[in-house]
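This is what each chain is made of:
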Amino acid sequence: MSTVMKMDNLECQDTSNNKDSDLCKQCNGKTQNFDCRKQCLCPLVEGHHMLILHKNSRHYDFLSKLKLRFLCGDDIPCLKELCNEWFPIKYPDSWYNLVVFNEKFYSMAATLDDKIVAVLIAEIKPRHLVPKEDADLLSYCFHKDTKVAYILSLGVHHPHRRHGVASFLLKNFLWYISMCLSKSALVKAVYLHVLTTNLVAIKFYQGHNFKLLHYLPSYYMINGLPNDGYSYVLYINGGKSKTNCMDYFTAVIKFLQWLRFCHVPKKLCGILSYTLQQILPGSSPAPFISKSRQCHNL
């Protein structure tokens with residue numbers, strides 16, 4: 001019996017008992033067997049979960065015709081053609097091989113009649129690998145190995161825009177990193193970069209609750225000319241911004257707790273720690289809660 005969890009106009013369904021899930025048994029959505037991945041509805045995860053449309057969705061008739069699958073090697077020529085059409089930045093061949101074949105990338109295609117009409121490419125990585133311009137996207141109360149997700153590219157073929165395809169891809173990705181990863185790989189923040197002139201993409205991400213993180217002057221170099229950018233972030237799974245004054249008091253309390261092991265009088269440390277926690281009840285450490293320049297053309 002399948003279980004369903006609503007997510008706006010989408011549903012998350014456990015299809016582990018579905019006969020179609022036999023397609024996924026060979027690779028279980030985790031291996032480098034891209035020929036097998038290409039046959040399967042995605043995201044492919046343990047238990048064979050997939051995100052399906054809610055019948056009340058405004059674009060149900062169109063989106064119900066789409067299939068989602070991971071990109072594979074055979075898709076690289078098509079992916080190059082679409083990216084050249086969508087984005088002002090030209091990517092080298094090595095970039096396409098990296099996002100298709102490297103397991104750390106989530107490279108999802110939406111297809112209609114076996115033709116790719118949209119792509120979302122994202123990377124899941126620990127926070128300490130975030131470039132310095134966005135290194136402060138997470139509160140310091142999170143460990144340096146806490147996972148974040150970076151959306152490299154999201155694009156939809158022009159004839160199929162305004163049909164909810166980008167939202168469907170994005171919600172699939174957010175569902176995947178919220179529900180399908182192990183606790184050690186749980187993503188706390190999703191961030192991205194966008195040109196300041198790309199008002200359509202900015203409106204799209206703001207409509208999905210992304211918040212402005214930084215203004216990045218001369219971040220992009222396009223046709224030899226500098227272009228400004230923004231970084232946007234969405235906090236999920238208990239993630240939060242570092243712009244919280246409680247973080248500093250949390251660090252003080254953690255430092256006092258550490259001092260206890262350095263032969264500083266335990267009573268003094270205990271009194272200071274207790275006093276801070278009483279004055280600032282929100283300053284206790286946050287509990288663990290389960291679960292390159294790029295462009296976006298929607």
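Residues numbered from 1 in each chain as written. Predicted model: local features only at pLDDT ≥ 70, side-chain atom pairs only at ≥ 80, totals over all residues. Heavy atoms only, no water.

Enquirer: I would appreciate a short explanation of the pattern of salt bridges in the present structure.
Expert: Between side chains of opposite charge, a pair can form when the charged atoms approach closely. For the structure on display, the rule yields three salt bridges. The salt bridge involving Asp93 is made with Lys80; its shortest N-O contact spans 2.8 Å. On the criterion of sequence distance, the pair formed by Asp93 in helix α4 (residues 93-101) and Lys80 in helix α3 (residues 76-86) is long-range, its members being 13 residues apart. A relative accessible area of 49% places Asp93 in the partly exposed class. The class of Lys80 is partly exposed, set by a relative accessible area of 25%. (Salt bridge = Lys/Arg side-chain N within 4 Å of Asp/Glu carboxyl O. Helix = DSSP H or I, 4+ residues; strand = E, 2+ residues; numbered from the N terminus. Buried < 20%, exposed > 50% of the residue type's maximum accessible area, 1.4 Å probe, protein only.)

Enquirer: Please clarify how the nonpolar core should be interpreted in this entry.
Expert: In terms of nonpolar packing, the biggest core is built from 43 residues, with Ile151, Phe173, Ile177, Val190 and Phe210 touching the most fellow members. A per-element tally of this core places helix α5 (residues 165-179) first, with 10 residues. Val99, Val130, Leu138 and Tyr150 belong to the second-largest nonpolar core, a separate cluster that totals 35 residues. (Core = buried A, V, L, I, M, F, W, Y, C linked by side-chain atoms within 4.5 Å.)

Enquirer: Just to check I follow, could you spell out the packing of aromatic side chains for this structure?
Expert: In this description, an aromatic ring pair is defined by two values, namely the gap between the centres and the angle between the planes. What the rule picks out here adds up to 14 aromatic pairs. Geometrically, the ring pair formed by Tyr91 and Trp95 is stacked, given 4.0 Å between the ring centres and 15° between the ring planes. Between Tyr219 and Tyr220 the ring centres are 5.3 Å apart and the planes differ by 85°, which places this aromatic pair in the edge-to-face class. Overall, Tyr219 belongs to the buried group, its relative accessible area being 7%. By way of ring pairs, the aromatic residues Trp86, Phe87, Tyr91, Trp95 and Tyr96 are connected into one cluster. (Phe/Tyr/Trp six-rings, centres within 6.5 Å; stacked < 30°, edge-to-face > 60°.)

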